[in-house]
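Each chain, letter by letter, is given below.
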Amino acid sequence: MNKMEGQAPSPLPDQVLENVLETVLHFLSSRRDRNAASLVCKSWYRAEALTRSELFIGNCYAVSPRRATARFPRVRSLTIKGKPRFADFDLMPLNWGAHFTPWAQALAQSYPSLRRLHLKRMSLTDRDLTLLSLSFPHFQDLLLTCCEAFTTTGLAAIAANCRLLRVLDLAECVVEVADEEVDWISSFPETQEETHLESLVFDCVECPVNFQALERLVARSPSLRKLRLNRYVSMSQLHRLMHRAPQLTHLGTGSFSASELDPEPDYASAFAASKSLVCLSGFREIWPDYLPAIYPACANLTSLNFSYADINAHQLKSVIRHCHKLQTFWVLDSISDEGLQAVAETCKDLRELRVFPVNTREEIEGPVSEVGFEAISRGCRKLQSILFFCQRMTNAAVVAMSNNCPDLVVFRLCIIGQYRPDPETLEPMDEGFGAIVMNCKKLTRLAVSGLLTDRAFGYIGTYGKLIRTLSVAFAGDTDLGLKYVLEGCPNLQKLEIRDSPFGDGALRSGLHHFYNMRFLWMSSCKLTRQACQEVARRLPHLVLEVINSEEGKADDIEILYMYRSLDRPRDDAPKVVTILH
Amino acid sequence: MSEIDMAVIKPEMMKPYVWLQTSDDSIQQVEQEIAMFCPLICQEIIQKGMGSSKNCAICLPQQVSPAMLSLILDYCRFHQVPGRSNKERKSYDEKFVRIDTERLCELTSAADSLQLKPLVDLTSRALARIIEGKSPEEIRDIFHLPDDLTEEEKLEPLRNITADPRIRLLNRLYAKKRKELKERERILKLKKSMWMNVQLMTFCLLLMEMKENFVAEPKGVKTSKNKKKNRRKKEQQKNSSSKETSELDKKEVNGHDIRHQSSEAERISESSYLHYAEDGTSTPKSDDGDIYDGIDPALKEKIDREVEDFARRLNSDWPERMQELLSSGQDRKTLLFNTDGFLRRHA
């Protein structure tokens, strides 16, 4: 190769890398790494945009569909989150937003190779689902978590048109029944000898399904591993399905009750035959007498969801004593402290525990308390994630957990009732939560409750350096509390506060950090419109939504929902929402 | 390729050695069996019959220096032995990529040019592991990359982003052209200023000579001085080009202080939105003025026109079905919130 005279010097390192940059970036999968790579320099930005195949959008209003599809042209998997979590507690108005339609249209136009879509707290219509089903010939996975506004008609479209469908997961969606009940299970084409289905989760669909069609579907789905039935599937029907699909790994049992009085088949043998089962859920209308049927499967279970099963301690014990490998356990507080103690004795490998209340009234005694809580902390040392509802809790128990379970990443303690102090010492719950943030050095998610002073927030600000999500309700004394958190927690991304005395001064103290956050929610606090206006003026990339229960009254701030956005504020908000910018 | 096949195609191919020319123009002899592991070399031998002698040595791509070739051949030499276990191969690979980052980049590039995919994947993965967990500043440091994104761009860069390979190629050519033109302009400027200096110097010297003693002809003096001039110019070029690139990069940054977007809200509030055309095409606007410094305006116009042309041709047509579906109006259902205190189980 002859070199010309006076040629430029040997290529700079960035030029060398540029030839193979796309290949290198293909091996970068975590979105944090990809975001870092995209900010390195112009050529890396371009290469990263072209190679990103999994796109995560934490807030559907942070970026417009057009901008997202323009920057990332080769996306195959997309996750979008809509409403903030507090929307689950009826704190948001009807028709607030998070409409999927504009996204559906943009995706249909830009991503013909889309394979996977995961939506959380979005509002999507039957038309959106139909558009999806017709636009993506390679579509495989549809996961909808806490979504709404669609009916079984939309599901039928997905079933009928997505020939390569592998995953259809509906988790806690509100699925309205269509005017004429649509038999969506029958919409899976019967002409297809074998489906590609690996996961079919429809336990939240509140209408009966055509069982014969379902059985035929399961029979011709050899790849099926996850099946979660709704409560309209009886015990005997479950039995038949289990025999059709002994290869299942995740099973949602449907109602777990019988409607007929016919002689019953041997349910236990069905569970014994399903040797691959590792996850059991369902039990929507449980007849506890049937519980022994699951004993043969218990030894292999790593995940058990009893959060719809109203069972007592005795009934639980009979099951849990077999579950040595259990890592995830969701349950109702009906099992009481005694049940929790049984869990602590057997489930030494437990990583995640969620205890939900049967009864959310404050004045009752409550079946679970600091006793069961502390027992868990002593028995389950590997605990990483806990969500615990109770009517009573002591600082000592919380401190004990902070010492016994240092691996905690998620700590959510919900003491039902407002401003509840430690019932033993009558002190605020500051020390307990303080110990958690001090001792659990990996903590990223925290939910606090009970009587809390600014001191608790001081602890959080001082020690909670890794915290990304914080939930606060009925807590704090002054603006200082929120100030400590906003100034002390550099990784804070999601902050949801209700009924706490934080005002304008506290809001202003976060100005340096708001662009780093996904959102801030403050409802029934002490904010004024002027302060919000000021924030909006100083930080133009923030959208401040002021939501009032009555239209037009935007002087009092009932709800402030604030988030960063790269585009102009949305135009699909209802009248009760005023957008400051 | 079995040995028998090779013998049937060309008797010369039974020779155990093949001649390869690397980027520094040096030619070396390499065991043919090993070299054939690289698809590009394989192609050259079989399809073009090259490499059988020093005279028809296979010209390797310019990314392959002798050092890189040596590494690549080591890799091929190890892996072409059939009897090795997966564990052995994996262990060798892990050790193989434990080299400094700069050489790793070069190696990836060289392997890529020879189309040796397994090695490209191996080295790319190693580079990806280096990038993992690092901040943009750290990555820039490691790979000696310019910090050329503006503050606004770091918030959300908006440029000609399309997947069309034609546009990407055009962007690359555009960038290359830009660089070439800048280089040319720089050299021209340099030549001009040097020539001015030389003129001045020669004049002064002449004056001095004339003043003192009338020794040699002005021409003779000039030519020897010219030779020195040229040598000095070449050296200066080499030294100044790397300096000037970094200076240029600084210029391209709109004079903003480069800091991470998380600092000072006031700074961000002062910046304006970048332009973004409603029809989806993006054409360079006035805030790009700094990038166009020094480029011949006629050429700039030509390139702009080409980009616009491509962008227009890229607008895809909607399938008819979609049009029907979408034109039949919005149909949003209002939803009654359930207020029965039902607690969501999932987060």
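Calculation rules
- Residues numbered from 1 in each chain as written.
- Chains lettered and ligands numbered in written order.
- Predicted model: local features only at pLDDT ≥ 70, side-chain atom pairs only at ≥ 80, totals over all residues.
- Heavy atoms only, no water.
- Helix = DSSP H or I, 4+ residues; strand = E, 2+ residues; numbered from the N terminus.
- Rg over C-alpha atoms; globule rule 2.2 N^0.38 Å.
- Buried < 20%, exposed > 50% of the residue type's maximum accessible area, 1.4 Å probe, protein only.
- Contact = heavy atoms within 4.5 Å.
- Areas by Shrake-Rupley, 256 points an atom, 1.4 Å probe, with all protein chains shown as cover.
- Salt bridge = Lys/Arg side-chain N within 4 Å of Asp/Glu carboxyl O.
- Core = buried A, V, L, I, M, F, W, Y, C linked by side-chain atoms within 4.5 Å.
- Pairing = 2+ DSSP bridges.
- Polar contact = N/O pair within 3.5 Å; in protein donor to acceptor, adjacent residues only side chain to side chain.
- Phe/Tyr/Trp six-rings, centres within 6.5 Å; stacked < 30°, edge-to-face > 60°.
- Lys NZ or Arg CZ within 6 Å of the ring centre and 35° of its normal.
- Axes fitted to C-alpha atoms, helices over the stretch in contact; angles between N-to-C directions.
- Parallel < 35°, antiparallel > 145°, perpendicular 65-115°, else oblique.
- Nonpolar A, V, L, I, M, F, W, Y, C, P; charged D, E, K, R; others polar.
- Left-handed = near helix turned anticlockwise from the far one by under 90°.
- pLDDT = per-residue confidence, 0-100.

K.L.:
Talk me through the overall build of chain A; I want residue IDs and the actual numbers.
P.N.:
Along its length, chain A carries 20 helices and 23 strands. Against the 2.2 N^0.38 benchmark of 25 Å for 581 residues, chain A shows a C-alpha radius of gyration of 26 Å, consistent with a compact globule. Along the longest, intermediate and shortest principal axes, the C-alpha atoms of chain A span 90 × 70 × 60 Å. Expressed as a percentage of the 581 residues in chain A, the buried residues total 61%. Considering only intrachain contacts with a sequence separation of at least 6, the fraction spanning at least 24 residues in chain A is 70%. Carbon and sulfur atoms make up 48% of the accessible area of chain A, which totals about 22,000 Å².

K.L.:
Can you explain the pattern of salt bridges? Please cite residues and give values.
P.N.:
All names here are of chain A. Taken as a whole and assessed by the stated rule, the structure comprises 38 salt bridges over all chains. A salt bridge links Glu-285 to Arg-231, with the nearest nitrogen and oxygen atoms 3.0 Å apart. Of this pair, Glu-285 sits in the loop between β11 (279-281) and α11 (295-298) while Arg-231 sits in the loop between β9 (226-229) and α9 (235-244), placing them 54 residues apart in sequence. Assessed through its relative accessible area of 28%, Arg-231 is described here as partly exposed. Put simply, Asp-572 and Arg-570 hold a salt bridge, and the shortest N to O gap is 2.9 Å. For Arg-570, a relative accessible area of 11% corresponds to the buried category. Salt bridges sharing partners connect three or more residues here, namely Arg-34, Glu-48, Arg-52 and Arg-71.

K.L.:
A description of unusual backbone geometry should follow, citing residues and the corresponding values.
P.N.:
All names here are of chain A. Unusually for a residue other than glycine, Cys-146 sits at a positive phi of about 55°. Cys-146 gets classed as buried once you look at its relative accessible area, which sits at 4%. With a phi close to 55°, Phe-283 is a non-glycine residue in the positive phi region. By the secondary structure assignment, Phe-283 is in the loop between β11 and α11. Note on Phe-283: relative accessible area 0%, which makes it buried.

K.L.:
Account for the nonpolar core, naming residues and giving values.
P.N.:
Of all hydrophobic cores here, the largest spans 182 residues; its most connected members are Phe-306 and Phe-411 of chain A. Apart from residues lying up to four places away in sequence, Phe-306 of chain A is in contact with Phe-283, Leu-291, Ile-294, Ile-311, Leu-316, Val-319, Phe-329, Trp-330, Val-331 and Leu-332 of chain A.

K.L.:
I'd like a description of the pairing of strand β6 (residues 167-171) of chain A, backed by residues and values.
P.N.:
Two faces, one strand: in a regular strand the side chains alternate between the faces of the sheet. All names here are of chain A. Most of β6 sits inside the fold, with 5 of its 5 residues counted as buried. Going residue by residue along β6, you find Val-167, Asp-169 and Ala-171 tucked away on one face and Leu-168 and Leu-170 tucked away on the opposite face as well. Examined bridge by bridge, strand β4 (residues 141-145) and β6 share 5 bridges and lie parallel to one another. Bridge pairing links Leu-144 to Leu-170 in β6. Two strands pair when backbone bridges link them, and β6 and strand β8 (residues 199-201) are joined in this way by 3 bridges, in the parallel orientation. Among the inter-strand pairings, Asp-169 is bridged to a residue of β8, identified as Val-201.

K.L.:
Residue-level account of the side chain of Arg-34 of chain A, with values.
P.N.:
Residue and element names in this part refer to chain A. Relative to the helices and strands, Arg-34 resides in helix α2 (residues 31-38). In this structure Arg-34 comes out as buried when scored by relative accessible area, which is 5%. Among the polar contacts listed, one links the side chain of Arg-34 to the side chain of Thr-51, at a separation of 3.3 Å. Contacts of Arg-34, omitting those with residues within four sequence positions, involve Leu-25, His-26, Leu-28, Ser-29, Glu-48, Thr-51 and Arg-52.

K.L.:
Could you give an account of the packing of aromatic side chains, with specific residues and numbers?
P.N.:
The geometry of an aromatic ring pair comes down to the distance between the two centres and the angle between the two planes. Counted by the stated rule, this structure contains 27 aromatic pairs over all chains. Relative to Phe-329 of chain A, the ring of Phe-306 of chain A lies with its centre 6.5 Å away and its plane at 75°, an arrangement referred to as edge-to-face. Of this pair, Phe-306 of chain A sits in strand β12 (residues 303-306) while Phe-329 of chain A sits in strand β13 (residues 328-332); the two residues are 23 residues apart in sequence, bridging distant segments of the chain. Accessibility assignment for this pair places Phe-306 of chain A and Phe-329 of chain A in one class, buried. Relative to Phe-474 of chain A, the ring of Tyr-419 of chain A lies with its centre 5.9 Å away and its plane at 85°, an arrangement referred to as edge-to-face. Here Tyr-419 of chain A is found in the loop between β16 (410-415) and α16 (430-439), whereas its partner Phe-474 of chain A is found in the loop between β18 (469-473) and α18 (479-488), with 55 residues between them in sequence. Under the relative-accessibility criterion, Tyr-419 of chain A is labelled partly exposed at 44%. Phe-474 of chain A gets classed as buried once you look at its relative accessible area, which sits at 16%. An aromatic cluster is built from Tyr-61, Phe-86, Phe-89, Trp-96, Phe-519, Trp-521, Tyr-561 and Tyr-563 of chain A, whose rings are joined through pairwise contacts. Seen from the ring of Phe-78 of chain B, Arg-84 of chain B lies directly overhead, with NZ or CZ sitting 3.8 Å from the centre. In this structure, Arg-345 of chain B is placed above the aromatic ring of Tyr-308 of chain A, and the distance from its NZ or CZ to the ring centre is 4.7 Å.

K.L.:
Which residues make up the packing of helix α12 (residues 313-320) of chain A against helix α13 (residues 336-346) of chain A, and what are the values?
P.N.:
All names here are of chain A. Look at α12 against α13: their axes get within 8 Å of each other, and the N-to-C directions meet at 10°. If you check the angle between α12 and α13, you find them roughly parallel. Facing Ala-313, Leu-316, Lys-317 and Ile-320 of α12, the residues of α13 in contact are Ser-336, Glu-338, Gly-339, Ala-342, Val-343 and Thr-346. Looking at the contact of α12 with α13 residue by residue, the class counts come to 5 nonpolar, 3 polar and 2 charged.

K.L.:
Mind laying out the sheet that holds strand β3 (residues 58-59) of chain B, listing which residues take part and the relevant values?
P.N.:
All names here are of chain B. Sheet architecture is open: 3 strands sit in the order β2-β1-β3, paired in mixed fashion. The sheet is open, and its two borders are formed by β2 (27-31) and β3, each paired with just one other strand. Examined bridge by bridge, strand β1 (residues 17-21) and β2 share 5 bridges and lie antiparallel to one another. Of the residues in β2, the one forming a bridge with Val-18 is Val-30.

K.L.:
Give a description of the environment of Gly-282 of chain A that names residues and reports values.
P.N.:
Looking at where Gly-282 of chain A falls in the secondary structure, it is placed in the loop between β11 and α11. Dropping the residues within four chain positions of it, Gly-282 of chain A is found in contact with Gly-252, Thr-253, Gly-254, Asn-305 and Tyr-308 of chain A.

K.L.:
Run through the side chain of Arg-220 of chain A, naming residues and quoting values.
P.N.:
Residues and elements named next belong to chain A. Following the sequence through the fold, Arg-220 ends up in the loop between α8 (211-219) and β9. Under the relative-accessibility criterion, Arg-220 is labelled buried at 10%. Ignoring any residue separated from it by four or fewer positions in sequence, one finds Arg-220 in contact with Phe-188, Pro-189, Glu-190, Gln-192, Glu-193, Glu-194 and Thr-195.

K.L.:
So what about the pairing of strand β1 (residues 54-57) of chain A? Which residues, and what values?
P.N.:
Residue and element names in this part refer to chain A. Side chains Leu-55 and Ile-57 of β1 all project onto a buried face; the interleaved residues Glu-54 and Phe-56 project onto a face where none is buried. Sheet topology places β1 next to strand β2 (residues 77-81); 4 bridges connect them, and they run parallel. Paired with Glu-54 across the two strands is Ser-77, which belongs to β2.

K.L.:
Account for α16 of chain A, with residues named and values stated.
P.N.:
An α-helix turns once every 3.6 residues. As a result, residues three or four positions apart point the same way. Residues and elements named next belong to chain A. Burial of α16 is extensive: 7 of the 10 residues sit out of reach of the surface. Turning to α16, its buried residues number three or more, namely Asp-430, Gly-432, Phe-433, Gly-434, Ala-435, Ile-436 and Val-437. Each element contacted by the buried residues of α16 is listed here: α15 (395-404), β16, β17 (445-447) and α17 (454-463).

K.L.:
Help me get a handle on the packing of helix α6 (residues 101-113) of chain B against helix α7 (residues 117-131) of chain B, residues and values and all.
P.N.:
All names here are of chain B. The contact between α6 and α7 brings their axes to 9 Å, and the two run at 150°. Between α6 and α7, the crossing angle belongs to the class labelled roughly antiparallel. In this structure, the crossing between α6 and α7 has a hand that is left-handed. In this structure, α6 contributes Thr-101, Leu-104, Cys-105, Leu-107, Thr-108, Ala-111 and Asp-112 to the contact, and α7 contributes Leu-119, Val-120, Thr-123, Ser-124, Ala-126, Leu-127 and Ile-130. Of the residues belonging to the contact of α6 with α7, the class tally is 9 nonpolar, 4 polar and 1 charged.

K.L.:
Before we move on, can you summarise the confidence of the model for chain A with the specific residues and values?
P.N.:
In this model, chain A carries a mean pLDDT of 92, and residues with pLDDT of at least 70 account for 96%. Taken together, the stretch residues 1-10 of chain A has pLDDT below 50 and engages in 10 contacts with residues farther than four places along the chain or on a different chain.

K.L.:
A description of the environment of Thr-125 of chain A should follow, citing residues and the corresponding values.
P.N.:
All names here are of chain A. Following the sequence through the fold, Thr-125 ends up in the loop between β3 (116-120) and α6 (126-135). Classification of Thr-125 as buried rests on a relative accessible area of 10%. Taking C-alpha positions, Thr-125 is 17 Å from Ala-573, a pair spaced 448 residues apart along the chain.

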